Every structure is written in C-alpha cells, then in structure tokens.
Amino acid sequence: MSSFQLGLVIGIAVAGSVALLAFALRLLKPSGAWAAFALGSVVFGLGGLQWSVALITFFLLSSLLSKLSPQRGRKERERTEMIFEKGSTRDAGQVWANGGVAGIIVIIHHFHPDPSIFIAYLGALAAAAADTWGTEIGVMSGGRTISLLTLRRVEVGRSGGVSAMGSLGAVAGAASVAASAAWWSDDPLRTILPVVAGTAGMLADSLLGATLQAGYRCRRCGMRTERSIHCGDPAEPVTGFRWMNNDLVNLLCCATGGGIAWLLAACF
Ligand SMILES: [Zn+2]
C-alpha cells in the first residue's frame, strides 16, 4: 500500500468516526452525517492533517456555538427557529453549503498543489465560520440590528441584518479557522488573509440576505421568515427569489471567501 492509499484509508476512517459521533450528538441529521462523511473523506484523505484540523475546528466550534445558544431562553430560541429556514441539527444541504466549496478546493489542490490554494481553502471555511458565528452571537446578544442595505432597524435574526456583536462574532469565527492553521505558517500576513476574506464573505452573505434571498410572510401569524411553510401553511413570498434559499446564499458566501482569499494570496 502506498502512503497515498494509506492516507486515503485513514481519512475515510476518521471521517466515518467524526460523522457518526456528530450524528450521535445530534449535531447532524442522517443526511447531514452522510454528507459530512463524504466531505470529510475528501478533506482528510486528500488534504492531510493541516487541512483536516481547519475543517474540524470550523465544524466543532460552529456546532458547539449553535447548541449553546438555546441557553439564552427557550422562548426566544423557538421564536428565532421560526424565522430561520433551518435548525441547529445540520442536514446535507447545510453541510454542502458550508463545506462544499472547501471540498472542491481540496480536490483542485490535489491536482495542482500550490500554497495559495490552501489560503483559498481557509478563506472558504473562514467565511462559513464568520456567517455561523455572526448569526449565533448576533441572535444571542440581541443588540440593535440594522439592514446592511437600507441601514434601517430590522428585527434580530432577519436575513441581511447586521449588529455590532454579530459582526465581532463573525470576525472571531473567521479568526478561529485562520488560527487553526497558524501552526503551519511562518508568515503572519498570510495567516490574516483568511480572516479578511472570511469577513468579506460574511458581508456578501448579508447583502444577498437583504436583497436576493427568498423572504416570506406567514399568512397566519404575520411573522417575517425564511421558511416557505409557516404555521402549517405556505407563506406569502414578499422579497427576493424563491430559488435563492439559505443554502445557496451560504454557498455563495463560502465561494466569495475562498475567491477573495485566493486573490489576496496571489497578491501578498
Ligand atoms: Zn406563522
């Protein structure tokens, strides 16, 4: 067995264990666990340790944050879960939306090894982390939230809404992914690039959330929501495009983070 084949086998075994554990801890739904197994096999098997640590850092910290936030109060949590399209137990769509771009970058790097591509990978994951942390910390702290587009005040948790604490949380999330790779980097500037790119990805996410993302109003309770079904009935579409759902917005957020990180890495 070659060292490449050995790495692949170890990667698949580790990915299977992580996916199973995450399913047991209710971080992932069954479809999410299968997706995580596939994504993890690619990243752990083709990328190796450096790439794996970044993915696990993103996944563990973001999942923990999502599971911690219910402690703010069940009522508040139930209210925000009624607004968001998806809950804190991730399905396959969410796994691919947050990790799919990173997975594609690992495959590109496998065929065209280049240090800038690793920075792009970190940028894609940093964007996913920035979005998750920004949302969770923004909702948890519940401070003044404004629309990035109109600069008018909107309710906490609205797509495209930004708050001071949420933005700080987003930068911290991007920094957590960048920090996980700092051990392997001897250039502090290149360590910071994914933080900048990840934050930019999160801003793109908020802009899309405020413009093109599908937004609905419940015909029964009147709540503004990302869900197309609310209170058991189809909700009335009020903003954006119906096909521009939360997963697609997150995917574009990661693509923006990865693309900007790659551009920055090519320049610096
Ligand atoms: Zn409703």
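Keep in mind that what you see is a predicted model, and the values were worked out from it rather than measured.

**Structural notes on the overall build of the protein chain**
Working step 1: Within the protein chain one finds 9 helices and 7 strands.
Working step 2: Its C-alpha atoms give the protein chain a radius of gyration of 18 Å, within 12% of the compact-globule value 18 Å for 268 residues.
Working step 3: Its C-alpha atoms give the protein chain principal-axis dimensions of roughly 60 × 40 × 35 Å.
Working step 4: For the protein chain, with 268 residues in total, the buried portion stands at 46%.
Working step 5: Relative to all contacts within the protein chain whose residues are 6 or more apart in sequence, the contacts with residues 24 or more apart total 69%.

**Structural notes on helix α3 (residues 49–68)**
Working step 1: Along its 20 residues, α3 runs 28 Å from first to last C-alpha, staying within 8% of the 28 Å computed at 1.5 Å per residue.
Working step 2: Of all the residues in α3, the buried ones are W51, S52, A54, L55, T57, F58, F59, S62, S63, L65 and S66.

**Some details on the sheet that holds strand β7 (residues 236–239)**
Working step 1: Strand order across the open sheet formed by 3 strands is β4-β3-β7, with antiparallel pairing between neighbours. For this open sheet the edge positions go to β4 (224–225) and β7, each flanked by a neighbour on one side alone.

**Section: the confidence of the model for the protein chain**
Working step 1: For the protein chain, per-residue confidence averages 91 on the pLDDT scale, and residues scoring 70 or more make up 97% of the total.
Working step 2: Mean pLDDT values for the elements of the protein chain range from 72 in helix α4 (residues 74–83) up to 97 in helix α5 (residues 92–111).

**What to know about a nonpolar patch on the surface**
Working step 1: A cluster of nonpolar residues, M1, L6, V9, I10 and V14, forms a patch on the protein surface that exposes about 490 Å² of accessible area.
Working step 2: Mapped onto the fold, V9 is located in helix α1 (residues 3–24).

**Details of the pattern of salt bridges**
Working step 1: One pass over the structure, following the stated rule, counts 4 salt bridges.
Working step 2: Between D91 and K86 there is a salt bridge, and its shortest N-O distance comes to 3.2 Å.
Working step 3: Of the charged contacts, one joins D233 and R220 as a salt bridge, the two residues approaching to 2.5 Å between their closest N and O atoms. Highlighted residues: D233 in strand β6 (residues 233–234) and R220 in the loop between β3 (215–217) and β4, separated in sequence by 13 residues.
Working step 4: A residue is classified by how much of its surface remains accessible, and D233, at 28% relative accessible area, is partly exposed.

What counts as what
- Sequence order as written defines residue numbering, which begins from 1 separately in each chain.
- Note on the predicted model: pLDDT of at least 70 is required for a residue's local features to be given, and 80 or more for side-chain atom pairs to be given and counted; whole-chain, interface and lining totals, by contrast, use all residues.
- To get the side-chain values, all heavy atoms of the structure are used, and hydrogens and water are removed first.
- Counting from the N terminus, the helices are the DSSP runs of H or I reaching at least four residues and the strands are the DSSP runs of E reaching at least two.
- For this measure, only C-alpha atoms enter the radius of gyration; the expected value for a globule follows 2.2 Å times N^0.38, where N is the number of residues.
- Think of it in three bands: residues with accessible area under 20% of the maximum for their type are buried, residues over 50% are exposed, and the middle band is partly exposed, with areas taken using a 1.4 Å probe on protein chains only.
- Any two residues having at least one pair of non-hydrogen atoms within 4.5 Å are treated as being in contact.
- To estimate how far a helix should reach, multiply one less than its number of residues by 1.5 Å.
- Pairing between two strands requires that DSSP report at least two bridges joining them.
- For every residue, the predictor reports its confidence as pLDDT, a number between 0 and 100.
- Patch criteria: residues need more than 30% relative accessible area and no salt bridge. Like-charged residues are merged within 9 Å; nonpolar side chains of Val, Leu, Ile, Met, Phe, Trp and Tyr are merged within 5 Å.
- Accessible surface is estimated by sampling points in the Shrake-Rupley manner with a 1.4 Å probe; for residues, cover comes only from the protein chains shown.
- We define a salt bridge as a contact between a side-chain nitrogen of Lys or Arg and a carboxyl oxygen of Asp or Glu at a distance within 4 Å.

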